[in-house]
Amino acid sequence: MAAPRSCSNLSRHFLTASRPQQTSSWTSAKHQCCQRTRRQTQQRRWLSAAPAGLKSLLRVSEEVAEAVATKKPVVALESTIYTHGAMGKQLAQEHDELVRKHGGIPAIIGILDGVPNVGLTPQEVVRMIEDKDTVKVSRRDISYLVGMGLAGRKINGGTTIAGTMVLARLAGISVFGTGGLGGVHRDGQNTMDISADLTELGRTRVAVVSSGCKGFLDIPRTLEYLETQGCLISTFADGRTGNIDFPGFWARDSGSKSPSVVQNEREAAAIIYSQEQLGIESGMLFANPVPEGLGIPLPEIQAAIETAVTEANEKGFTGSRNTPYVLGRLKELTGDKAVVANMALVKSNIIRATNVAVELSRLQASSGISASSIPPPKPVHATPVSTAAKSEARQKTNILVAGAVALDLSCDYTGTKAGDITPQAHTSNPSRISQSIGGVGHNVALAAHRASAKNKVQLCSMVGDDVAGSTILAAVEASGLDATHIRRLGREYKSGNRTAQYVAVNDGQKNLVMAMADMDIFTTHSFPDHWRSVVETSKPDWLVVDGNWSGRDIREWVRAGEDNGSKVAFEPVSVAKSRGLFAPQRGLPRLGLFPNATLSLASPNIYELAAMYEAAKENGYLDSLEWFQVVDWFGMRGARDRFVHLTSAKLTDAGVPVQTVQLLPYIPTIITKLGAEGVLLTELLGKEDPRLRDRDSEDYILTRCMSPNSPVGGIYMRLYSAAEKVEDVVSVNGVGDTFLGVMVSGLAQGGKAEKLVDVAQKGAVHTLRSAESVSPGLSQIEEELTRVVSRR
């Protein structure tokens, strides 16, 4: 589907086409055979549980059967939208790819050659489209077409919403994404013209994600009819509060209040899961409003609808001829606005349905046990925690840091003669070697702890059952940092159970030359239920996640923070690990975008920022409809001159300002560490942000949003000079971590990022002059931090 017409020059210029997935060349024939055998076994298991007649009459593709059997996220798609609509061939392929891109398995449903099919390929859909005799298939028509097929007359049928629901339920699929329902037609109380979609929702347990029903129908009576049928109706709040309208298809509102509201896909998935576990057989309707800015204002579309409906009645277009006439006339009356809105809402609904299916898959995989009911696993041979520490752990947590703790070795080259500052390769070098406790997560937590005694800081991490692990646990407890959630892996974990270690080789000026890190413990072992339980128990104001976890685990941590109302900060760690936040999207928890962004802040250096940007671009994060919408709200034109003015020509040419702006929809505050050149703060401002009206902030406003309906107010971009030029550097290890720790310490107390940058830089300077990864002298800045926080 083409990008919205209003896309800014900025977003168009930096967009690249997504790359098709390639089959790995090293996959052996034997491996492929094993995979095929496994899929066939799972399909046989699925069929063995089905009624005998169903096995012989219903064809379920291997991919869908495997996905249903293994509780992967599957999304049903109707075929009438392709067989009886314009652009059917193109849409079938687009929708198939759309579901896959967002982590789901598409299941296009229809009747091919008289056989009900769940999991049609786009090529099979094309066959149906090219057959002029392909018919529409609702519940009443399924047996007719199948029976005719058995009798030798092969008929193709595109399934409507009702027909798709029936076959999806038979195949074990719970979620269905589509455009808009049928409903009660105007004067339906007399004509009894009521869509079969409504009665299907009353008796078939499938969750339908749509933008309500067609806007020219009788929406109040449609809602009443669905209530009588026992169908749950809930509308996605989409960032809104107060009374939420049921959507009017082309318009975000309809004038009719929604019976209930859900805030996000996880809530919708929990409702679906509950319905399944309780055995309630009626369907569910989750109404998804057309994306803001792409719909038609309610008064405008209502006027067009009244004209089209009146003309249809006057010209005798009733029954099955009514809807095609009204739709065609609306296209003429709105100047294609209705078509644009229709295309956008279908795509948005399929994305929403896929995200719901992903969340449902996670619930199903947990076998019905919620994370909150799982007690955290007990650490093996963990260092005993004192009674005082246990009591403290029950207090309110301000900051929870989820990340690496490691044993650090710092090797500083001492040289053999004056002016010799560079160690030599391929030989032993004289050096001064020091040992300390480090790891990005540990450093951030310790810096936040030392910067202010007002914050309760906890660290969640892992160590091995080895000498290094014992050393770390003892040192962490001695530092006063809460070690309650540091899990120690026993020897029963046969691989990747070594305590993390980091070795840094620095030149004669204490600049990093090379580093080696063994962090396998964080990518080999995954305990998402335990981590979620930790977040649910502590409910921190701020959750800091470092990039040492796997891409999936980073997203699990981030989602846990979002679900428990925490603000989430991401520390990228390194160029390679920074990509984990924007890992390939399939099967991962969704990253929300502004104004419902999952993350609040990230603190990369310029190399990590570039890697994050490239990963986001390569994996499709920068070509979604939602991303385009937020970027369009920025209203940016001719941005280069403003970038140079606010930063520098050097940074602009390096792409740093552009990269931060492109990532803002996902991370509204990006603090880019520039080393000796200081810090670049880029923030996405809400409509009511006082800086938009503050004279002192005027010079840092990159752009303002002029749209009255946008939640975006503008972009704040400010380059801070380095706090001071440090000549007496002792160690560079932990400097960036200290900066973030001090920053989060201030944010947790209610401070503002733009006020905290300078004091966070001063904290980093303390660590530059310390042999430890976090300077013990950070307490010296506590008074200044308190003053800065008070200047809100």
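First, a word on scope: everything that follows refers to the structure included in this document. (Residues numbered from 1 in each chain as written. Predicted model: local features only at pLDDT ≥ 70, side-chain atom pairs only at ≥ 80, totals over all residues. Heavy atoms only, no water.)

With that settled, the discussion passes to the overall build of the chain. Along its length, the chain carries 31 helices and 25 strands. Burial statistics for the chain: of 792 residues in total, 55% are counted as buried. Contacts spanning at least 24 positions in sequence make up 77% of the contacts within the chain whose residues lie at least 6 apart. Summed over its atoms, the accessible surface of the chain is roughly 33600 Å², and 51% of this surface lies on carbon and sulfur atoms. (Helix = DSSP H or I, 4+ residues; strand = E, 2+ residues; numbered from the N terminus. Buried < 20%, exposed > 50% of the residue type's maximum accessible area, 1.4 Å probe, protein only. Contact = heavy atoms within 4.5 Å. Areas by Shrake-Rupley, 256 points an atom, 1.4 Å probe, with all protein chains shown as cover.)

Turning our attention to the pattern of salt bridges. Pairing between side chains becomes possible if they bear opposite charge and their charged atoms approach one another. Summed over the entire model, instances satisfying the criterion amount to 46 salt bridges. Across the pair Arg-362 and Glu-556 runs a salt bridge whose closest N-O atoms are separated by 2.8 Å. Here Arg-362 is found in helix H16 (residues 337–365), whereas its partner Glu-556 is found in helix H22 (residues 551–563), with 194 residues between them in sequence. Overall, the relative accessible area of 22% leaves Arg-362 in the partly exposed class. Three or more residues are tied together by salt bridges with common partners; here these are Asp-238, Arg-252, Glu-265, Arg-352, Arg-590 and Glu-626. (Salt bridge = Lys/Arg side-chain N within 4 Å of Asp/Glu carboxyl O.)

Our focus in this paragraph is unusual backbone geometry. Residue Pro-595 is reached from Phe-594 by a cis peptide bond, and omega for that bond is 10°. Mapped onto the secondary structure, Pro-595 falls in the loop between helix H23 (575–578) and strand E21 (601–602). Unlike most non-glycine residues, His-426 shows phi in positive territory, near 65°. Structurally, His-426 is set in the loop between strand E13 (406–413) and strand E14 (431–438). Residue His-426 is classed as exposed on the basis of its relative accessible area of 86%. Here Lys-539, not a glycine, exhibits a phi torsion of approximately 40°, which is positive.

Axis separation between helix H21 (residues 528–538) and H22 bottoms out at 9 Å; the angle between their running directions is 30°. If you check the angle between H21 and H22, you find them roughly parallel. The handedness of the crossing between H21 and H22 comes out as right-handed. Here H21 contributes Pro-528, Trp-531, Arg-532 and Val-535 to the contact with H22, which in turn contributes Asp-553, Glu-556, Trp-557, Arg-559, Ala-560, Gly-561 and Asp-563. (Axes fitted to C-alpha atoms, helices over the stretch in contact; angles between N-to-C directions. Parallel < 35°, antiparallel > 145°, perpendicular 65-115°, else oblique. Left-handed = near helix turned anticlockwise from the far one by under 90°.)

Taken in spatial order, the 4 strands make up an open sheet running E14-E13-E17-E18, and their pairing is mixed. The open sheet has two edge strands, E14 and strand E18 (512–518), and neither has a second partner. Recorded for the sheet is a direction-independent mean angle of 15° between the axes of neighbouring strands. Taken together, the 6 bridges between strand E17 (residues 501–506) and E18 define a ladder with antiparallel strand orientation. From the neighbouring strand, Tyr-502 faces E18, where its bridge partner is Ala-517. (Pairing = 2+ DSSP bridges.)

Taken in spatial order, the 10 strands line up as E16-E15-E12-E19-E20-E21-E22-E23-E25-E24 in an open sheet, and their pairing is mixed. Each edge of the sheet is formed by a strand with only one pairing partner; in this case those strands are strand E16 (482–489) and strand E24 (701–704). In this structure, strand E20 (residues 567–571) lies alongside E21, joined through 2 bridges in parallel fashion. Its bridge partner being in E21, Ala-569 is matched across the sheet by Leu-601. Against the sheet, helix H18 (residues 440–451) touches strand E12 (399–402), strand E15 (457–464), strand E19 (542–546) and E20, its axis set at about 155° to E15.

Bringing helix H8 (residues 139–150) into the picture now. Taken together, the buried positions of H8 are occupied by Asp-141, Ile-142, Leu-145, Val-146 and Gly-149. Summarising the axial view, the buried residues of H8 lie within an arc of 130°, below the 170-degree limit, and thus occupy one face. Of the exposed residues in H8, those oriented more than 90 degrees away from the buried face are Arg-140, Ser-143 and Leu-150. Gly-152, located one to two residues past H8, shows a positive phi value of around 105°. (Arc of directions from axis to C-beta.)

Counting 90 residues, the largest nonpolar core has Val-64, Val-118, Ile-173, Trp-250, Phe-286 and Leu-330 as the members making the most contacts within it. It is H16 that provides the largest number of residues to this core, a total of 10 residues. Contacts of Val-64, omitting those with residues within four sequence positions, involve Val-74, Ile-105, Pro-106, Ala-107, Val-118, Gly-119 and Ile-173. Ala-406, Phe-634, Ile-670 and Val-712 belong to the second largest nonpolar core, which has 67 residues in total. (Core = buried A, V, L, I, M, F, W, Y, C linked by side-chain atoms within 4.5 Å.)

What follows covers the packing of aromatic side chains. Under the counting rule described, the total for this entry stands at 11 aromatic pairs. Ring geometry for Phe-249 against Trp-250: centres 4.8 Å apart, planes inclined by 85°, an arrangement best described as edge-to-face. Just as Phe-249 is buried, Trp-250 falls in that class too. Here Trp-549 and Trp-557 contribute two aromatic rings whose centre-to-centre distance is 5.7 Å and whose plane-to-plane angle is 45°, an arrangement assigned as tilted. An aromatic cluster is built from Phe-522, Trp-531, Trp-549 and Trp-557, whose rings are joined through pairwise contacts. Positioned over the ring face of Tyr-700 is Arg-718, at 4.5 Å from the centre of the ring. (Phe/Tyr/Trp six-rings, centres within 6.5 Å; stacked < 30°, edge-to-face > 60°. Lys NZ or Arg CZ within 6 Å of the ring centre and 35° of its normal.)

On E12, burial covers both faces: Ile-399 and Val-401 on one face and Leu-400 and Ala-402 on the other are all buried. Pairing geometry for E12 and E19, over 4 bridges, is parallel. Following the sheet pairing, Val-401 is matched in E19 by Val-544. As paired elements, E12 and E15 share 4 bridges and run parallel to each other. Bridge assignment links Ala-402 to a residue of E15, and that residue is Cys-460.

Note that all results are geometric; they support no functional claim without further evidence.
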